[in-house]
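Read off the chains here:
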Amino acid sequence: MWLLNSSIGRKLIMSISGVFLLLFLIFHLCMNVTAVFSEEAYNMICTLLGVNWYAVAATVVLAAIIAIHFIYATLLTLQNRKARGNDRYDVNVRPKGVSWASQNMFVLGVIIIGFMLLHFSQFWYKMMFAELLGNHEVELGGTLVSPQNGAAFIRYYFSHLWVVIAYLIWYVALWFHLTHGIWSALQTVGWNNTLWYNRWKTIGNIVATLIFLGFAFVTIVFYLKSLCGGAC
Ligand code: HEM
């Protein structure tokens, strides 16, 4: 049971679950970028990933991975605090080479999950969950739409400036979390020789930045589209 009880075992579970979440994020991003270029194609994907058994099964697996990642993050944070004892109350300068993100991974994770709850209430709850309840239409800004009309949801929510700002803050927290997370995961699984130490850091930063830019692109494009009221 070293995987569950030892520090390295817990870090390994964090890394593997983190890599799965990263893969989901890349898939989710590719799917959402489609909406910018073709709302029709996006809705086709939403229909495909509606309440089909494989989509529901994937959601259950995803929820389990998020839960595992969060539970182990909490265990590791508590373990680190216990090991450091009262030292954490000392005023200390961040050592050279240690990033701000690496020291705030848990807080960043909590912020990300907080925004995720907002995201679920706006999208997942009114789409997949509504479909699971057997609803063929849901209320969105005073009109009834199909829960499979994902483009309508994006258009509606990203026409509100406060939503756009909230999501951009979410993406910034995600960027910080990923810059350290990707690098740390690859270190834990053993790809940590001196040659690749800095390379993984650079690769992690590039992947995190592309994910940030992709989500921000979708959000901002839909906000700008809403400003010209369907005329562009
Ligand atoms: C441009 C930004 C985004 C858009 C337009 C978007 C859109 C959507 C939509 C339409 C759904 C519902 C799919 C369905 O239930 O059929 C969804 C679900 C979800 N989103 Fe996003 N999303 C965005 C950003 C994000 C980000 C940044 C994250 C994670 C940090 C995320 C995590 C999730 C998760 C975990 C689900 C549930 C997936 C499932 O049901 O299997 N989304 N999103």
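In what follows, the structure referred to is the one given above.
Residues numbered from 1 in each chain as written. Predicted model: local features only at pLDDT ≥ 70, side-chain atom pairs only at ≥ 80, totals over all residues. Heavy atoms only, no water.

1. A few points about the overall build of the chain
For the chain, the helix and strand inventory stands at nine helices and two strands. When its helices and strands are written in sequence order, the chain yields α-α-α-α-α-α-β-β-α-α-α. By its C-alpha atoms, the chain is 55 × 40 × 35 Å across when sized along the principal axes. Looking at the 232 residues of the chain, the share that counts as buried comes to 35%. Sequence separation of 24 or more characterises 71% of the internal contacts of the chain that already satisfy a separation of 6 or more. Charge-centre separation for the chain: the mean point of 13 positive side chains lies 20 Å from the mean point of 7 negative side chains. (Helix = DSSP H or I, 4+ residues; strand = E, 2+ residues; numbered from the N terminus. Buried < 20%, exposed > 50% of the residue type's maximum accessible area, 1.4 Å probe, protein only. Contact = heavy atoms within 4.5 Å. Lys, Arg positive; Asp, Glu negative; His and termini not counted. Charge placed at Lys NZ, Arg CZ, Asp CG, Glu CD.)

2. Examining the site of the ligand
In the region of the ligand, 23 residues are neighbours, and His-28, Thr-59, His-119, Trp-124 and Tyr-171 sit closest. Here His-119 contributes a side-chain N or O atom positioned 2.8 Å from a nitrogen atom of the ligand. In the environment of the ligand, an oxygen atom lies 3.3 Å from a nitrogen or oxygen atom belonging to the side chain of Trp-124. Taken together, the elements giving at least two residues each to the shell around the ligand come down to helix H2 (7–37), helix H4 (53–84), helix H6 (105–132), helix H8 (161–188) and helix H9 (194–227). Considering each element in turn, the shell around the ligand owes the most residues, seven residues, to H6. Residues that form the shell around the ligand fall into these classes: 18 nonpolar, five polar and no charged. (Near = heavy atom within 4 Å. Polar contact = N/O pair within 3.5 Å; in protein donor to acceptor, adjacent residues only side chain to side chain. Nonpolar A, V, L, I, M, F, W, Y, C, P; charged D, E, K, R; others polar.)

3. Remarks on the coordination of the iron atom of the ligand
Coordination of the iron atom of the ligand by the protein is provided by His-28 (NE2) and His-119 (NE2), with metal-donor distances spanning 2.0 Å. Coordination at the iron atom of the ligand is octahedral, judged from the six donor atoms that bind it and the angles of 87 to 180 degrees they form at the metal. Of this pair, His-28 sits in helix H2 while His-119 sits in helix H6, and the two are 91 residues apart along the sequence. A relative accessible area of 16% places His-119 in the buried class. (Donors = N, O, S within 2.8 Å, 3.2 Å for Na, K, Ca; no water. Tetrahedral: all angles 85-135°; square planar, octahedral: opposite > 155°, others 65-115°.)

4. Concerning the packing of H2 against H9
Their axes nearest at 10 Å, the elements H2 and H9 cross at an angle of 30 degrees. Regarding the angle of H2 to H9, the classification is roughly parallel. Relative to H9, H2 is oriented so that their crossing is left-handed. Note on element contacts: H9 touches H2 through Val-207, Leu-210, Ile-211, Gly-214, Phe-215, Phe-217, Val-218, Val-221, Phe-222 and Lys-225, opposite Leu-22, Leu-25, Ile-26, His-28, Leu-29, Asn-32, Val-33, Ala-35, Val-36 and Phe-37. Class assignment of the residues belonging to the contact of H2 with H9 gives a composition of 16 nonpolar, three polar and one charged. (Axes fitted to C-alpha atoms, helices over the stretch in contact; angles between N-to-C directions. Parallel < 35°, antiparallel > 145°, perpendicular 65-115°, else oblique. Left-handed = near helix turned anticlockwise from the far one by under 90°.)

5. A word on the packing of H6 against helix H7 (residues 150–157)
Viewed as axis vectors pointing N to C, H6 and H7 meet at an angle of 155 degrees, and their least axial separation amounts to 11 Å. Put simply, H6 runs roughly antiparallel to H7. Helix-helix and strand crossings are classified by hand; for H6 and H7 the assignment is right-handed. In this structure, H6 contributes Gln-122, Phe-123, Lys-126 and Met-127 to the contact, and H7 contributes Gly-150, Phe-153, Ile-154 and Tyr-157. Residues of the contact of H6 with H7, tallied by class, amount to five nonpolar, two polar and one charged.

6. Side note on helix H3 (residues 39–48)
Within the span of H3, buried status applies to Tyr-42, Asn-43 and Cys-46. The buried residues of H3 occupy an angular sector of 95 degrees when projected down its axis, which confines them to one face. Exposed residues pointing more than 90 degrees away from the buried face of H3 are listed as Glu-40, Met-44 and Leu-48. Elements that come into contact with the buried residues of H3 comprise H2, H6 and H7. (Arc of directions from axis to C-beta.)

7. Observations regarding H8
Between its terminal C-alpha atoms H8 stretches 40 Å, which fits the 40 Å expected from 28 residues at 1.5 Å a residue. Within H8, the axis deviates most sharply at Leu-178, by approximately 25 degrees. (Expected span 1.5 Å × (residues − 1). Bend = angle between axes of the 7 residues up to and from the residue.)

8. Examining the pattern of salt bridges
One side chain can pair with another of opposite charge once the charged atoms of both are near each other. In this structure the tally under the stated criterion is one salt bridge. Linking Arg-155 and Glu-39 is a salt bridge whose minimum nitrogen-to-oxygen distance equals 2.8 Å. Here Arg-155 is found in helix H7, whereas its partner Glu-39 is found in helix H3, with 116 residues between them in sequence. The exposure class of Arg-155 is partly exposed, given its relative accessible area of 39%. Judged by relative accessible area, Glu-39 falls into the partly exposed class, the value being 23%. (Salt bridge = Lys/Arg side-chain N within 4 Å of Asp/Glu carboxyl O.)

Read these as geometric descriptors, not functional statements.
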